[in-house]
Amino acid sequence: MFDLDRWNEIFITISRNKIRSILTAFGVFWGIFMLVALLGGGNGLGSLITGQMSDIASNSCVMWSSRTSEAYKGFRKGRWWQINNRDIEIIKAKVKGLDEISPLITPWTPTSDNAVRGDRKGTFSVQGTYANFNKIDKHTMQYGRYLNDLDVMDERKVCIIGQRVYEALFNRGEDPIGKDIRVDGVYYKVIGVGRGSDNLNFSGDKDEMITVPFTIMQKLYNYGDNVDNVFALAKPGVAVSEMQEEMEAILKNNHSIAPHDRQAINSFNIENMLKQVTGLILGVNVLAFIVGMGTLLAGIIGVSNIMMVTVRERTQEIGIRRALGAKPSTIMTQIMSESFTLTAIAGFLGISFAVLILQLVDVGLAAGSEGTAVFQISFFTAVVAGLIIIILGTLAGLGPAFRAMKIKPIEALSEE
Amino acid sequence: MPTIIKLKNINKTYYSGAPLHVLKGIDLEIDRGELVSIMGASGSGKSTLLNILGILDNYDTGEYHLNDVLIKNLSETRAAYFRNKLIGFIFQSFNLISFKNAMENVALPLYYQKTGRKTRNKMALEYLDRLGLKEWAYHMPNELSGGQKQRVAIARALISKPQIILADEPTGALDSKTSAEVLDVLKKVNATGMTMIIVTHESGIANQTNKIIRLKDGVIEKIEDNSEHSFSHFDIQNIK
Ligand SMILES: Nc1ncnc2c1ncn2[C@@H]1O[C@H](COP(=O)(O)OP(=O)(O)O)[C@@H](O)[C@H]1O
Ligand SMILES: [Mg+2]
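Here we summarise the structure given alongside this text. What you are looking at is a predicted structure, and each value in this text was computed from that prediction instead of being measured.

### Brief notes about the interface of chain B and chain A
Thinking step 1. Counting residues at the interface gives 24 residues for chain B and 25 residues for chain A.
Thinking step 2. Between chain B and chain A, the buried area comes to about 2300 Å², and carbon and sulfur atoms account for 60% of it.
Thinking step 3. Counting across the interface, chain B meets chain A through 1 salt bridge.
Thinking step 4. Note that E76(B) is salt-bridged to R322(A), the shortest N-O span being 2.5 Å.
Thinking step 5. Run the count over chain B and chain A and you get 5 residue pairs in polar contact (both at pLDDT 80 or more).
Thinking step 6. For the side of chain B that touches chain A, the elements supplying multiple residues, two or more each, are α2 (76–86), β6 (87–91), α3 (102–111) and α4 (117–130) of chain B.

Written as structure tokens, this is what we have:
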């Protein structure tokens, strides 16, 4: 029940020693602020990382060839081999869990000023893929369209250019669609401009990338039958690692590689990567929680200490109250309420302040070009923080309240 | 006259350090409406006795009936209830709460009776008025003189309409003129029918009460009827 009189008593006693109350409250304020801010920071870091990975389908993998490490079927070990078009077709036919597969060609380093349009030029990576590659490592299209199957089948000389490529080769505001650019000596028609938000990606920074149909690139860059990488997307519900094993078995069979050769095929599985990142984020959050809780506990212990001192100082007053008819439980609730009120006010100010700061960070990030991330804590976290404050505030008052309850009126009154 | 306080063979020993047998079998009866003083040398056990009467302290053996209720082995909560309902205290050092004004100090016992604030403060003002302190109601204790403080304390003791008033050296910290005034107030309160027990070692104070209980080394040496107020100011053999 709300008892105005009791709250009045509490506020009078708290405000009686303002400086001390404020200093004590500050400990709690700082503690909960740190806790919430750190949790928000952990949150934000996590969302920054996963946000940057969001281009890559989480159930996808990539493979590329490497030297064999075991002799097999008459071949010596240390042999070079290459994934080829036939591998792609066989994998597509045999692996049931496979949803999409796309080869990728990308020469190691582009030659200097390989992209030219009139008197404008720049150095950019070139990659050749299928149209379905966009389902695995997504371009965010700003103008025009991505490659389609016809582009690939008909070996069309078309390209998608990255944001930076556009800036280098076109005037600001100029419509690039349908315009020709020369890349490594061959003219391509621009069909789209795209960008990626991922720093963590399979094939490099999309902003500085020129993407062309796989077929034309394989021909023009003299790849013969070979491909650099093969990208695969698993069907929903299929574990990437399972699909990956099947694919590796086919590749090893096709190229006479020992079944247990662990080095001949390199692969990268975004699922595992995501797991690690999730683990990392969890770790950061746990650390944030520990540090924040530590700071908060220090603040709470401060409150408890101060309340203890206050009780000692108020022995006589408490004695008088007891002589006049205050029950021990009344005294106890009074001290508990004081500690609780002090903690609660400081705590909720701390939570509010942290939420405000986190909101400012979010707004600042949204306004800037660093991409968006959510540093703000969830409503649930805020509620939990509130509960922690309430519980700790009550606990902080417990010791001092028991001490106050133990005060005998007679001892208090004879103390002068 | 009906008896309000009945003590039977009360014993009390303090055990902090060497055991100190302070009250050694006190038998005493006090009737409703009496004005009694307890006299004795310092350390004779006056305060101890008064504290037991006021349920501020426990006794070891014997029986204490207050208002026909046996006061023995009470829980702290029950003791607090009886103190609040039945007893008004007045102390030598006033024991006002320093950060509350006169009115709030007087109203405090009613706070513990869960009386609403308005009623509480109104009653407090009435009692302060009765004690001539109306204009001082909103002053803090440190703005009051000793006599005024003690009158505030008396108002506080009276506000819960107790059965007895227990005063431990109520004039001990006051000069003789103020002492006389405070004693006058206490006598007037007694005249309304309130039982009053005053601990003092000043014969001048004791002489104005109707019965003097002389305590010596933890036993009642004698109980004098002083309704004639004939106790000599110059009989100092038992004092200090
Ligand atoms: N809480 C206590 N613990 C131990 N000894 C006490 C306590 N209170 C009083 N005494 C001792 O008991 C004796 C009686 O004290 P008290 O009743 O205060 O005497 P008076 O009021 O007559 O001066 C004194 O010797 C005093 O030192
Ligand atoms: Mg004494």
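What follows picks up the thread again.
### Things to note about the packing of helix α9 (residues 315–323) of chain A against helix α10 (residues 328–367) of chain A
Residue and element names in this part refer to chain A.
Thinking step 1. Direction vectors running N to C along α9 and α10 enclose 140°, while the axes themselves pass 10 Å from each other. The orientation of α9 relative to α10 falls into the category oblique. Crossing angle aside, the handedness with which α9 passes α10 is right-handed. Within the contact between the two elements, α9 uses I318, R321 and R322 and α10 uses P328, I331 and Q334.
Thinking step 2. In the contact of α9 with α10, the residues fall into 3 nonpolar, 1 polar and 2 charged.

### So, the nonpolar core
Thinking step 1. Judged by nonpolar contacts, the single largest core of 84 residues is most densely connected at L296(A), I5(B), L7(B), L53(B), Y64(B), L66(B) and I197(B).
Thinking step 2. When residues of this core are assigned to their parent elements, the largest contribution, 10 residues, is made by α10(A).
Thinking step 3. In this structure L296(A) touches V28(A), G31(A), I32(A), L35(A), I388(A), I389(A) and L392(A), once residues within four positions along its chain are discounted.

### Considering the sheet that holds strand β10 (residues 219–225) of chain B
Residue and element names in this part refer to chain B.
Thinking step 1. One open sheet holds the 6 strands; their spatial order is β6-β7-β8-β3-β9-β10, and the pairing between them is mixed. Among the strands making up the open sheet, the edge pair consists of β6 and β10. If you compare each strand with its neighbour and ignore which way they point, the axes differ by 20° on average.
Thinking step 2. Relative to strand β7 (residues 164–168), β6 runs parallel, the two sharing 5 bridges. Bridging across to β7, I87 finds its partner in I164.
Thinking step 3. Here α2 sits on the sheet and contacts β6 and β7; the angle it forms with β6, its principal contact strand, is near 80°.

### Some points on the packing of aromatic side chains
Thinking step 1. Considering all chains together, one arrives at 13 aromatic pairs over all chains under this definition.
Thinking step 2. Geometrically, the ring pair formed by F33(A) and F353(A) is tilted, given 5.1 Å between the ring centres and 35° between the ring planes. In this pair, F33(A) is assigned in helix α2 (residues 18–52) and F353(A) in helix α10, connecting sequence segments 320 residues apart.
Thinking step 3. Counting every residue linked through ring pairs, the aromatic cluster contains F26(A), F29(A), W30(A), F33(A) and F353(A).
Thinking step 4. Of note, R79(A) hangs over the ring of F75(A), and the distance from its end group to the ring centre comes to 4.2 Å.
Thinking step 5. Here the guanidinium or amino end of R130(B) rests over the ring plane of Y127(B), the centre of that ring lying 4.5 Å away.

### As for α9(A)
Residue and element names in this part refer to chain A.
Thinking step 1. The element α9 is largely enclosed, with a buried count of 8 among its 9 residues.
Thinking step 2. Buried within α9 are the following residues: T315, E317, I318, G319, I320, R321, R322 and A323.
Thinking step 3. At the C-terminal side of α9, G325 shows a positive phi close to 120°.

### Observations regarding the sheet that holds strand β4 (residues 61–66) of chain B
All names here are of chain B.
Thinking step 1. Taken together, the 4 strands give an open sheet; going across it, the order is β2-β1-β4-β5, and neighbouring strands pair in antiparallel fashion. Strands at the two margins of the open sheet, each flanked by one partner only, are β2 (20–31) and β5 (69–70).
Thinking step 2. Both β4 and β5 contribute to a ladder of 2 bridges, which runs antiparallel. Bridge pairing in β5 places H65 opposite L70.
Thinking step 3. Sheet contacts for helix α1 (residues 46–53): β1 (3–14), β2 and β4; angle to β1, the most-contacted strand, approximately 125°.

### Regarding the packing of α3(B) against helix α5 (residues 146–159) of chain B
Residues and elements named next belong to chain B.
Thinking step 1. Packing of α3 against α5 brings their axes to within 7 Å, and their N-to-C directions diverge by 25°. Taken as axis vectors, α3 and α5 run roughly parallel relative to one another. Handedness of the α3/α5 crossing: right-handed. Counted together, A102, N105, V106, A107, P109 and L110 of α3 and V152, A155, R156 and I159 of α5 form the full contact between these two elements.
Thinking step 2. Along the lines of polarity and charge, the residues of the contact of α3 with α5 split into 8 nonpolar, 1 polar and 1 charged.

### Some remarks on the site of ligand 1
All names here are of chain B.
Thinking step 1. As a matter of local geometry, ligand 1 sits amid Y14, S16, L20, V22, A41, S42, G43, S44, G45, K46, S47 and T48.
Thinking step 2. The backbone of S44 places a nitrogen or oxygen atom 3.3 Å from an oxygen atom of ligand 1.
Thinking step 3. The separation between an oxygen atom of ligand 1 and a polar main-chain atom of K46 is 2.9 Å.
Thinking step 4. Protein burial of ligand 1: of its 550 Å² of free accessible surface, 63% is covered by the chains.
Thinking step 5. At the level of secondary structure, the elements contributing two or more residues to the shell around ligand 1 comprise β2 and α1.

### Observations regarding the pattern of salt bridges
All names here are of chain A.
Thinking step 1. A complete count under the given rule lists 23 salt bridges over all chains for this structure.
Thinking step 2. As a salt-bridge pair, D154 and R156 come within 3.5 Å of each other at their nearest N and O atoms.
Thinking step 3. With a relative accessible area of 47%, D154 lands in the partly exposed category.
Thinking step 4. Exposure remark for R156: the relative accessible area of 31% places this residue in the partly exposed category.
Thinking step 5. R164 is the partner of D205 in a salt bridge, and the nearest nitrogen-oxygen pair spans 3.9 Å. Here the residue D205 occupies a position in the loop between β10 (186–195) and β11 (209–213), and R164 occupies one in helix α5 (residues 163–169), the gap between them amounting to 41 residues.
Thinking step 6. What emerges from the salt-bridge pattern is a single network uniting R16, R314, E317, R321 and E338.

Conventions used here
Residues numbered from 1 in each chain as written. Chains lettered and ligands numbered in written order. Predicted model: local features only at pLDDT ≥ 70, side-chain atom pairs only at ≥ 80, totals over all residues. Heavy atoms only, no water. Contact = heavy atoms within 4.5 Å. Buried area = accessible area lost by both parts, 1.4 Å probe. Salt bridge = Lys/Arg side-chain N within 4 Å of Asp/Glu carboxyl O. Polar contact = N/O pair within 3.5 Å; in protein donor to acceptor, adjacent residues only side chain to side chain. Helix = DSSP H or I, 4+ residues; strand = E, 2+ residues; numbered from the N terminus. Axes fitted to C-alpha atoms, helices over the stretch in contact; angles between N-to-C directions. Parallel < 35°, antiparallel > 145°, perpendicular 65-115°, else oblique. Left-handed = near helix turned anticlockwise from the far one by under 90°. Nonpolar A, V, L, I, M, F, W, Y, C, P; charged D, E, K, R; others polar. Core = buried A, V, L, I, M, F, W, Y, C linked by side-chain atoms within 4.5 Å. Buried < 20%, exposed > 50% of the residue type's maximum accessible area, 1.4 Å probe, protein only. Pairing = 2+ DSSP bridges. Phe/Tyr/Trp six-rings, centres within 6.5 Å; stacked < 30°, edge-to-face > 60°. Lys NZ or Arg CZ within 6 Å of the ring centre and 35° of its normal. Near = heavy atom within 4 Å. Areas by Shrake-Rupley, 256 points an atom, 1.4 Å probe, with all protein chains shown as cover.

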